[in-house]
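Observations on the model geometry
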Amino acid sequence: MVIVLKDGASDADVASITSMVTENGWRVNVSRGEEKTIVGVIGIPPQEKATFKDHLLALGLVQDVVYVSSPYKLVSRHFKPEPTVVQVGPVRTGGGAPFVVMAGPCAVESKAQLLETAHAVKEAGAAVLRGGAYKPRTSPYSFQGLREEGLQLLAEARTQTGLPVITEVTETKYLPLVSQYADILQIGTRNMASFDLLKDSAATGRPVFLKRGMAATIEEFMLSAEYLMAAGNANVILCERGIRTFETSTRNTLDLSAIPVVKEISHLPIYADPSHGTGKASLVRPMALAALVAGADGLQIEVHPHPEKALSDGQQSLNFKRFGELMREIADLCAYLGRPLARVTTNAVATAADGRG
Ligand code: PEP
Ligand code: MN
(Lines give C-alpha, C1' and ligand atoms only; values in the text may rest on other atoms or scores of the structure.)
(Ligands and ions follow the chains in the order given, each with its own letter.)
Protein backbone atom coordinates (compact mmCIF):
# COMPACT_ATOMS: atom_id res chain seq x y z
CA MET A 1 0.00 0.00 0.00
CA VAL A 2 1.26 3.45 -0.91
CA ILE A 3 0.03 6.60 0.85
CA VAL A 4 0.42 9.83 -1.09
CA LEU A 5 0.35 12.82 1.26
CA LYS A 6 -1.20 16.15 0.39
CA ASP A 7 1.23 18.78 -0.91
CA GLY A 8 3.04 20.65 1.83
CA ALA A 9 2.92 17.80 4.35
CA SER A 10 4.95 18.69 7.45
CA ASP A 11 7.35 16.44 9.35
CA ALA A 12 4.70 16.13 12.06
CA ASP A 13 2.14 14.93 9.47
CA VAL A 14 4.58 12.30 8.24
CA ALA A 15 5.34 11.24 11.82
CA SER A 16 1.69 10.78 12.70
CA ILE A 17 1.07 8.61 9.66
CA THR A 18 4.24 6.64 10.29
CA SER A 19 3.22 5.87 13.84
CA MET A 20 -0.26 4.76 12.71
CA VAL A 21 1.45 2.20 10.50
CA THR A 22 4.05 0.99 12.97
CA GLU A 23 1.54 0.76 15.84
CA ASN A 24 -0.12 -1.97 13.80
CA GLY A 25 3.15 -3.82 13.51
CA TRP A 26 3.62 -3.01 9.81
CA ARG A 27 6.76 -1.58 8.30
CA VAL A 28 7.05 1.82 6.73
CA ASN A 29 9.19 3.47 4.07
CA VAL A 30 9.06 7.23 3.70
CA SER A 31 10.12 8.96 0.52
CA ARG A 32 10.17 12.75 0.61
CA GLY A 33 10.44 14.06 -2.91
CA GLU A 34 10.57 17.69 -3.93
CA GLU A 35 6.87 17.74 -4.66
CA LYS A 36 5.35 14.66 -3.11
CA THR A 37 5.77 12.76 0.11
CA ILE A 38 5.00 9.10 -0.22
CA VAL A 39 4.71 6.59 2.59
CA GLY A 40 4.96 2.93 1.70
CA VAL A 41 3.35 0.36 3.97
CA ILE A 42 4.81 -3.12 3.98
CA GLY A 43 3.25 -6.16 5.55
CA ILE A 44 -0.37 -5.01 5.82
CA PRO A 45 -2.71 -8.02 5.48
CA PRO A 46 -5.05 -7.71 2.46
CA GLN A 47 -8.20 -7.90 4.59
CA GLU A 48 -7.11 -4.86 6.62
CA LYS A 49 -6.36 -2.57 3.69
CA ALA A 50 -9.82 -1.08 3.17
CA THR A 51 -10.36 -0.17 6.84
CA PHE A 52 -6.91 1.27 7.18
CA LYS A 53 -7.45 3.32 4.04
CA ASP A 54 -10.63 4.79 5.59
CA HIS A 55 -8.73 5.70 8.75
CA LEU A 56 -6.05 7.39 6.72
CA LEU A 57 -8.46 9.38 4.59
CA ALA A 58 -10.25 10.53 7.76
CA LEU A 59 -7.05 12.25 8.89
CA GLY A 60 -7.34 14.87 6.19
CA LEU A 61 -3.62 14.70 5.42
CA VAL A 62 -3.76 12.16 2.66
CA GLN A 63 -4.31 12.81 -1.03
CA ASP A 64 -4.56 9.22 -2.17
CA VAL A 65 -4.02 5.64 -1.09
CA VAL A 66 -2.90 3.23 -3.78
CA TYR A 67 -2.70 -0.54 -3.59
CA VAL A 68 0.46 -1.89 -5.18
CA SER A 69 -0.15 -5.30 -6.59
CA SER A 70 3.43 -5.96 -7.69
CA PRO A 71 5.39 -8.22 -5.36
CA TYR A 72 8.14 -5.60 -5.08
CA LYS A 73 7.45 -2.34 -3.34
CA LEU A 74 10.53 -0.30 -2.45
CA VAL A 75 12.01 -0.49 -5.94
CA SER A 76 8.71 0.42 -7.56
CA ARG A 77 7.87 3.78 -9.07
CA HIS A 78 4.58 3.69 -7.19
CA PHE A 79 6.57 4.01 -4.01
CA LYS A 80 8.92 6.64 -5.27
CA PRO A 81 7.99 8.46 -8.47
CA GLU A 82 11.23 10.49 -8.60
CA PRO A 83 14.26 8.72 -10.03
CA THR A 84 16.93 7.68 -7.55
CA VAL A 85 20.29 9.38 -7.96
CA VAL A 86 23.23 7.41 -6.56
CA GLN A 87 26.35 9.32 -5.55
CA VAL A 88 29.70 7.57 -5.76
CA GLY A 89 32.62 9.83 -4.92
CA PRO A 90 32.52 12.59 -7.53
CA VAL A 91 30.08 10.71 -9.78
CA ARG A 92 26.28 10.94 -9.67
CA THR A 93 24.15 8.51 -11.60
CA GLY A 94 20.45 8.07 -12.33
CA GLY A 95 17.64 10.51 -13.01
CA GLY A 96 18.86 13.61 -14.75
CA ALA A 97 22.50 13.00 -13.75
CA PRO A 98 25.06 12.73 -16.56
CA PHE A 99 25.50 9.49 -18.52
CA VAL A 100 28.16 7.32 -16.88
CA VAL A 101 30.53 4.91 -18.59
CA MET A 102 32.22 2.35 -16.33
CA ALA A 103 35.13 0.72 -18.09
CA GLY A 104 38.12 -1.48 -17.43
CA PRO A 105 39.32 -5.03 -17.73
CA CYS A 106 37.16 -8.05 -17.04
CA ALA A 107 39.83 -9.17 -14.56
CA VAL A 108 42.65 -7.30 -12.85
CA GLU A 109 45.67 -9.21 -14.14
CA SER A 110 48.73 -7.16 -13.15
CA LYS A 111 49.75 -3.74 -11.94
CA ALA A 112 50.87 -2.65 -15.40
CA GLN A 113 47.70 -3.92 -17.09
CA LEU A 114 45.37 -2.23 -14.62
CA LEU A 115 47.13 1.11 -14.31
CA GLU A 116 47.60 1.44 -18.05
CA THR A 117 43.93 0.67 -18.59
CA ALA A 118 42.76 2.99 -15.80
CA HIS A 119 44.60 5.96 -17.31
CA ALA A 120 43.45 5.10 -20.84
CA VAL A 121 39.77 4.76 -19.98
CA LYS A 122 39.83 7.95 -17.92
CA GLU A 123 41.48 9.81 -20.77
CA ALA A 124 38.78 8.50 -23.13
CA GLY A 125 35.99 9.71 -20.83
CA ALA A 126 35.03 6.85 -18.51
CA ALA A 127 33.91 7.99 -15.04
CA VAL A 128 34.25 4.72 -13.12
CA LEU A 129 36.94 2.01 -13.32
CA ARG A 130 35.79 -1.61 -13.39
CA GLY A 131 37.95 -4.66 -12.72
CA GLY A 132 37.30 -8.10 -11.31
CA ALA A 133 39.48 -9.32 -8.44
CA TYR A 134 37.31 -12.30 -7.49
CA LYS A 135 36.25 -13.87 -10.76
CA PRO A 136 33.27 -16.23 -10.93
CA ARG A 137 34.47 -18.33 -13.88
CA THR A 138 32.39 -20.97 -15.60
CA SER A 139 35.37 -23.35 -15.56
CA PRO A 140 37.34 -24.09 -12.39
CA TYR A 141 40.49 -24.22 -14.58
CA SER A 142 40.11 -20.62 -15.76
CA PHE A 143 41.90 -17.67 -14.10
CA GLN A 144 40.12 -17.00 -10.81
CA GLY A 145 41.39 -13.47 -10.19
CA LEU A 146 44.17 -11.85 -8.14
CA ARG A 147 41.83 -11.51 -5.16
CA GLU A 148 43.20 -9.22 -2.43
CA GLU A 149 46.15 -8.16 -4.56
CA GLY A 150 43.64 -7.20 -7.26
CA LEU A 151 41.72 -5.07 -4.78
CA GLN A 152 44.91 -3.29 -3.75
CA LEU A 153 45.71 -2.56 -7.38
CA LEU A 154 42.22 -1.12 -7.89
CA ALA A 155 42.79 1.17 -4.91
CA GLU A 156 46.09 2.28 -6.38
CA ALA A 157 44.42 2.98 -9.73
CA ARG A 158 41.79 5.06 -7.94
CA THR A 159 44.47 7.09 -6.20
CA GLN A 160 46.28 7.72 -9.48
CA THR A 161 43.23 8.59 -11.59
CA GLY A 162 40.53 9.75 -9.18
CA LEU A 163 38.10 7.27 -10.74
CA PRO A 164 35.83 5.46 -8.28
CA VAL A 165 36.17 1.67 -8.61
CA ILE A 166 33.63 -1.10 -8.97
CA THR A 167 34.47 -4.74 -8.38
CA GLU A 168 32.50 -7.93 -7.93
CA VAL A 169 31.89 -9.62 -4.61
CA THR A 170 31.12 -13.30 -5.05
CA GLU A 171 30.62 -14.46 -1.47
CA THR A 172 29.61 -13.00 1.86
CA LYS A 173 32.90 -14.04 3.42
CA TYR A 174 34.78 -11.66 1.09
CA LEU A 175 32.60 -8.66 1.93
CA PRO A 176 34.67 -7.16 4.76
CA LEU A 177 37.70 -7.07 2.49
CA VAL A 178 36.02 -6.09 -0.77
CA SER A 179 33.96 -3.32 0.81
CA GLN A 180 37.13 -1.84 2.29
CA TYR A 181 38.44 -1.19 -1.22
CA ALA A 182 35.44 -0.92 -3.54
CA ASP A 183 33.39 2.23 -4.04
CA ILE A 184 30.63 0.13 -5.63
CA LEU A 185 29.99 -3.55 -4.93
CA GLN A 186 29.04 -5.53 -8.01
CA ILE A 187 26.77 -8.55 -7.71
CA GLY A 188 27.22 -10.64 -10.83
CA THR A 189 24.65 -12.44 -12.93
CA ARG A 190 25.46 -15.78 -11.25
CA ASN A 191 24.67 -14.35 -7.82
CA MET A 192 21.60 -12.26 -8.56
CA ALA A 193 19.54 -14.70 -6.53
CA SER A 194 22.08 -15.30 -3.73
CA PHE A 195 19.81 -13.65 -1.24
CA ASP A 196 22.13 -13.74 1.77
CA LEU A 197 24.86 -12.15 -0.32
CA LEU A 198 22.39 -9.44 -1.36
CA LYS A 199 21.38 -8.73 2.23
CA ASP A 200 24.95 -8.71 3.51
CA SER A 201 26.19 -6.54 0.64
CA ALA A 202 23.39 -4.05 1.25
CA ALA A 203 24.29 -3.91 4.93
CA THR A 204 27.79 -2.58 4.17
CA GLY A 205 26.18 0.69 3.09
CA ARG A 206 28.19 0.73 -0.13
CA PRO A 207 26.28 1.36 -3.37
CA VAL A 208 25.42 -1.98 -5.01
CA PHE A 209 25.47 -2.65 -8.75
CA LEU A 210 23.14 -5.56 -9.39
CA LYS A 211 23.42 -7.45 -12.65
CA ARG A 212 20.39 -9.27 -14.02
CA GLY A 213 20.53 -13.04 -13.66
CA MET A 214 21.11 -14.63 -17.04
CA ALA A 215 17.85 -16.57 -16.71
CA ALA A 216 15.92 -14.09 -14.59
CA THR A 217 12.68 -12.39 -15.54
CA ILE A 218 12.49 -8.67 -14.94
CA GLU A 219 10.18 -9.34 -12.00
CA GLU A 220 12.76 -11.65 -10.41
CA PHE A 221 15.41 -8.99 -11.10
CA MET A 222 13.26 -6.39 -9.31
CA LEU A 223 12.75 -8.74 -6.36
CA SER A 224 16.51 -9.13 -5.97
CA ALA A 225 16.81 -5.35 -5.95
CA GLU A 226 14.02 -5.33 -3.38
CA TYR A 227 16.24 -7.48 -1.11
CA LEU A 228 18.90 -4.77 -1.24
CA MET A 229 16.47 -1.97 -0.51
CA ALA A 230 14.60 -3.92 2.16
CA ALA A 231 17.97 -4.35 3.89
CA GLY A 232 18.15 -0.57 4.13
CA ASN A 233 20.32 0.31 1.14
CA ALA A 234 18.79 2.86 -1.21
CA ASN A 235 21.90 3.13 -3.39
CA VAL A 236 21.14 0.45 -5.91
CA ILE A 237 22.09 0.49 -9.60
CA LEU A 238 20.64 -2.14 -11.93
CA CYS A 239 22.34 -3.60 -14.99
CA GLU A 240 20.96 -5.50 -17.97
CA ARG A 241 23.79 -7.80 -19.09
CA GLY A 242 22.08 -10.18 -21.47
CA ILE A 243 19.97 -13.25 -20.93
CA ARG A 244 20.24 -16.85 -22.08
CA THR A 245 18.02 -17.52 -25.11
CA PHE A 246 17.93 -20.04 -27.96
CA GLU A 247 20.17 -17.72 -30.01
CA THR A 248 23.78 -18.86 -30.35
CA SER A 249 25.32 -16.18 -32.56
CA THR A 250 25.85 -14.01 -29.49
CA ARG A 251 27.05 -15.09 -26.03
CA ASN A 252 23.83 -13.74 -24.50
CA THR A 253 20.86 -11.83 -25.87
CA LEU A 254 21.11 -8.24 -24.63
CA ASP A 255 17.53 -7.46 -23.68
CA LEU A 256 17.40 -3.82 -24.72
CA SER A 257 13.71 -3.62 -23.98
CA ALA A 258 14.52 -4.29 -20.32
CA ILE A 259 15.87 -0.72 -20.15
CA PRO A 260 12.59 1.11 -20.88
CA VAL A 261 10.64 -1.58 -19.00
CA VAL A 262 12.72 -1.05 -15.87
CA LYS A 263 12.44 2.73 -16.30
CA GLU A 264 8.67 2.41 -16.30
CA ILE A 265 8.39 0.21 -13.24
CA SER A 266 11.31 1.36 -11.09
CA HIS A 267 12.97 4.57 -9.94
CA LEU A 268 16.43 2.93 -9.81
CA PRO A 269 19.17 3.68 -12.36
CA ILE A 270 19.49 1.04 -15.08
CA TYR A 271 22.72 0.35 -17.00
CA ALA A 272 23.55 -1.92 -19.91
CA ASP A 273 26.59 -4.13 -20.32
CA PRO A 274 27.10 -4.62 -24.05
CA SER A 275 30.28 -6.64 -23.45
CA HIS A 276 28.73 -9.60 -21.62
CA GLY A 277 25.47 -8.88 -23.43
CA THR A 278 26.97 -9.83 -26.78
CA GLY A 279 30.28 -11.61 -26.08
CA LYS A 280 31.81 -10.01 -29.19
CA ALA A 281 33.94 -6.87 -29.38
CA SER A 282 32.47 -5.98 -32.79
CA LEU A 283 28.97 -5.83 -31.31
CA VAL A 284 29.81 -3.66 -28.31
CA ARG A 285 29.61 -0.38 -30.22
CA PRO A 286 26.15 -0.80 -31.77
CA MET A 287 24.62 -2.14 -28.58
CA ALA A 288 26.25 0.55 -26.43
CA LEU A 289 24.81 3.28 -28.64
CA ALA A 290 21.43 1.54 -28.77
CA ALA A 291 21.32 1.28 -24.97
CA LEU A 292 22.03 5.00 -24.65
CA VAL A 293 19.16 5.78 -27.02
CA ALA A 294 16.90 3.32 -25.17
CA GLY A 295 17.33 5.44 -22.05
CA ALA A 296 20.05 3.68 -20.05
CA ASP A 297 21.67 5.73 -17.27
CA GLY A 298 25.07 4.31 -18.04
CA LEU A 299 27.14 1.50 -19.52
CA GLN A 300 29.67 -1.00 -18.29
CA ILE A 301 32.26 -1.90 -20.92
CA GLU A 302 35.26 -4.24 -20.83
CA VAL A 303 38.52 -2.72 -22.03
CA HIS A 304 41.94 -4.39 -22.17
CA PRO A 305 45.32 -3.14 -23.47
CA HIS A 306 45.73 -6.37 -25.47
CA PRO A 307 42.41 -8.23 -25.74
CA GLU A 308 44.12 -11.08 -27.58
CA LYS A 309 46.19 -11.77 -24.44
CA ALA A 310 43.46 -11.23 -21.83
CA LEU A 311 43.08 -13.87 -19.12
CA SER A 312 39.33 -13.48 -19.26
CA ASP A 313 36.74 -12.26 -21.78
CA GLY A 314 39.25 -11.06 -24.38
CA GLN A 315 36.83 -11.69 -27.27
CA GLN A 316 34.41 -9.12 -25.97
CA SER A 317 36.97 -6.58 -24.74
CA LEU A 318 37.77 -3.39 -26.63
CA ASN A 319 41.34 -2.21 -27.03
CA PHE A 320 42.14 1.41 -26.18
CA LYS A 321 41.75 2.62 -29.75
CA ARG A 322 38.32 1.10 -30.22
CA PHE A 323 37.20 2.29 -26.80
CA GLY A 324 38.38 5.83 -27.57
CA GLU A 325 36.44 5.80 -30.84
CA LEU A 326 33.33 4.51 -29.10
CA MET A 327 33.59 7.18 -26.39
CA ARG A 328 33.73 9.89 -29.03
CA GLU A 329 30.54 8.52 -30.57
CA ILE A 330 28.91 8.27 -27.16
CA ALA A 331 29.84 11.89 -26.44
CA ASP A 332 28.38 12.99 -29.80
CA LEU A 333 25.21 11.02 -29.22
CA CYS A 334 24.90 12.40 -25.68
CA ALA A 335 25.21 15.92 -27.09
CA TYR A 336 22.53 15.14 -29.68
CA LEU A 337 20.23 13.76 -26.98
CA GLY A 338 20.91 16.71 -24.70
CA ARG A 339 22.43 14.48 -22.01
CA PRO A 340 25.77 15.41 -20.52
CA LEU A 341 28.44 12.74 -20.24
CA ALA A 342 29.91 12.24 -16.74
CA ARG A 343 33.62 13.00 -16.48
CA VAL A 344 36.03 12.88 -13.59
CA THR A 345 38.44 15.74 -13.96
CA THR A 346 40.35 15.79 -10.70
CA ASN A 347 42.72 13.20 -9.31
CA ALA A 348 42.20 14.06 -5.69
CA VAL A 349 39.01 12.21 -4.94
CA ALA A 350 38.03 11.47 -1.40
CA THR A 351 35.74 8.48 -1.72
CA ALA A 352 34.08 6.67 1.12
CA ALA A 353 36.56 3.85 0.66
CA ASP A 354 39.53 6.19 1.03
CA GLY A 355 38.08 7.44 4.27
CA ARG A 356 38.20 3.94 5.68
CA GLY A 357 41.83 3.53 4.71
C1 PEP B 1 31.79 -9.14 -15.01
O2 PEP B 1 31.27 -8.02 -15.05
O3 PEP B 1 33.01 -9.32 -15.03
C4 PEP B 1 30.93 -10.34 -14.97
C5 PEP B 1 31.38 -11.52 -14.61
O6 PEP B 1 29.68 -10.05 -15.37
P7 PEP B 1 28.37 -10.98 -15.34
O8 PEP B 1 28.13 -11.28 -13.89
O9 PEP B 1 27.33 -10.12 -15.96
O10 PEP B 1 28.68 -12.20 -16.16
MN1 MN C 1 33.89 -10.37 -18.03
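Everything in this summary refers to the structure shown in the same document. (Residues numbered from 1 in each chain as written. Chains lettered and ligands numbered in written order. Predicted model: local features only at pLDDT ≥ 70, side-chain atom pairs only at ≥ 80, totals over all residues. Heavy atoms only, no water.)

**Points about the pattern of salt bridges**
Rule in force here: Each salt bridge in this description consists of a side-chain nitrogen of Lys or Arg and a carboxyl oxygen of Asp or Glu lying within 4 Å of one another. In this text, helices come from DSSP runs of H or I with a minimum length of four residues, and strands from runs of E with a minimum of two, each type numbered from the N-terminal end. Accessibility here uses a 1.4 Å probe with only protein chains present; expressed as a share of the type maximum, an area under 20% marks a residue as buried, one over 50% as exposed, and anything in between as partly exposed.
Going through the model one piece at a time under the given rule, you end up with 12 salt bridges. The closest approach of N and O atoms between Asp 183 and Arg 158, which form a salt bridge, is 2.7 Å. With Asp 183 in the loop between α5 (175-181) and β10 (184-187) and Arg 158 in helix α4 (residues 148-161), the pair connects residues that are 25 residues apart, well separated along the chain. Of the two residues, Asp 183 and Arg 158, neither departs from the other in class, the shared state being buried. Here the residues in one salt-bridge network are Arg 212, Glu 240 and Asp 255, joined through shared partners.

**Overview of the environment of Asn 29**
To keep it simple, the criterion reads: Whether two residues touch is decided by their heavy atoms; if any such pair falls within 4.5 Å, the residues are in contact.
With respect to the helices and strands, Asn 29 occurs in strand β2 (residues 27-32). Remark: the alpha-carbon pair of Asn 29 and Ile 42, spanning 13 residues in sequence, is separated by 7.9 Å. What Asn 29 contacts, discounting residues up to four positions off in sequence, is Ile 38, Val 39, Gly 40, Leu 74 and Phe 79.

**Side note on the environment of Asp 273**
Our working definition: Any pair of N or O atoms that falls within 3.5 Å is considered a polar contact. Within protein, one atom must be able to donate a hydrogen and the other to accept it, and sequence-neighbouring residues count only if both atoms are side-chain atoms.
Tracing the chain through its elements places Asp 273 in the loop between β13 (270-272) and α9 (274-278). Look at Asp 273 and you get buried, because its relative accessible area is 1%. The spatial distance from the C-alpha of Asp 273 to the C-alpha of Glu 302 is 8.7 Å, given a sequence separation of 29 residues. Not counting chain neighbours up to four residues away, the residues in contact with Asp 273 comprise Lys 211, Cys 239, Glu 240, Arg 241, Leu 254 and Gln 300. At 2.7 Å, the side chain of Asp 273 forms a polar contact with the side chain of Lys 211. Here Ser 275 takes part through its backbone nitrogen, which lies 2.9 Å from a polar atom of the side chain of Asp 273.

**Section: the packing of aromatic side chains**
Test applied: Side-chain rings of Phe, Tyr and Trp, where Trp is taken by its six-membered ring, are said to pair if the distance between their centres is within 6.5 Å; with planes under 30 degrees apart they count as stacked, over 60 as edge-to-face, and otherwise as tilted.
This model, assessed by the stated rule, comprises 4 aromatic pairs. Considering the side-chain rings of Phe 209 and Tyr 271, the 5.5 Å spacing of their centres and the 85° angle between planes classify their relative orientation as edge-to-face. With a gap of 62 residues between them, Phe 209 in strand β11 (residues 208-211) and Tyr 271 in strand β13 connect regions that are remote in the sequence. Here the two residues Phe 209 and Tyr 271 agree in accessibility, since each one is buried.

**Some details on the sheet that holds strand β7 (residues 100-104)**
Defined as follows: Here a strand pair is declared whenever DSSP counts at least two bridges between the two strands. Here, axes are lines fitted to C-alpha atoms. For helices the fit covers the stretch in contact, and angles between N-to-C directions go from 0 to 180 degrees.
Reading around the circumference, β7-β8-β9-β10-β11-β12-β13-β14 is the order of the 8 strands in this closed barrel, with parallel pairing throughout. With direction set aside, neighbouring strand axes in the sheet form an average angle of 25°. The pairing of strand β9 (residues 165-168) with β10 spans 3 bridges and is parallel. Paired with Thr 167 across the strands is Leu 185, a residue of β10. Docked against the sheet, helix α11 (residues 320-337) engages β7 and β14 (298-302), running at close to 175° with respect to β7.

**Let's talk about the packing of helix α3 (residues 111-124) against α4**
Which entries qualify depends on this criterion: Crossing chirality is assigned from the near helix's rotation relative to the far helix, an anticlockwise turn below a right angle marking it left-handed and a clockwise turn marking it right-handed. For this scheme, ten residues count as nonpolar: Ala, Val, Leu, Ile, Met, Phe, Trp, Tyr, Cys and Pro. Four count as charged, namely Asp, Glu, Lys and Arg, and the remainder, Gly too, count as polar.
Between α3 and α4, the shortest axis-to-axis distance is 10 Å and the interhelical angle comes to 35°. Between α3 and α4 the crossing geometry is right-handed. Seen from α3, the contacting residues are Lys 111, Leu 114, Leu 115, Ala 118, His 119 and Lys 122; seen from α4, they are Leu 153, Leu 154, Glu 156, Ala 157, Gln 160 and Thr 161. Counted by class, the contact of α3 with α4 contains 6 nonpolar, 3 polar and 3 charged residues.

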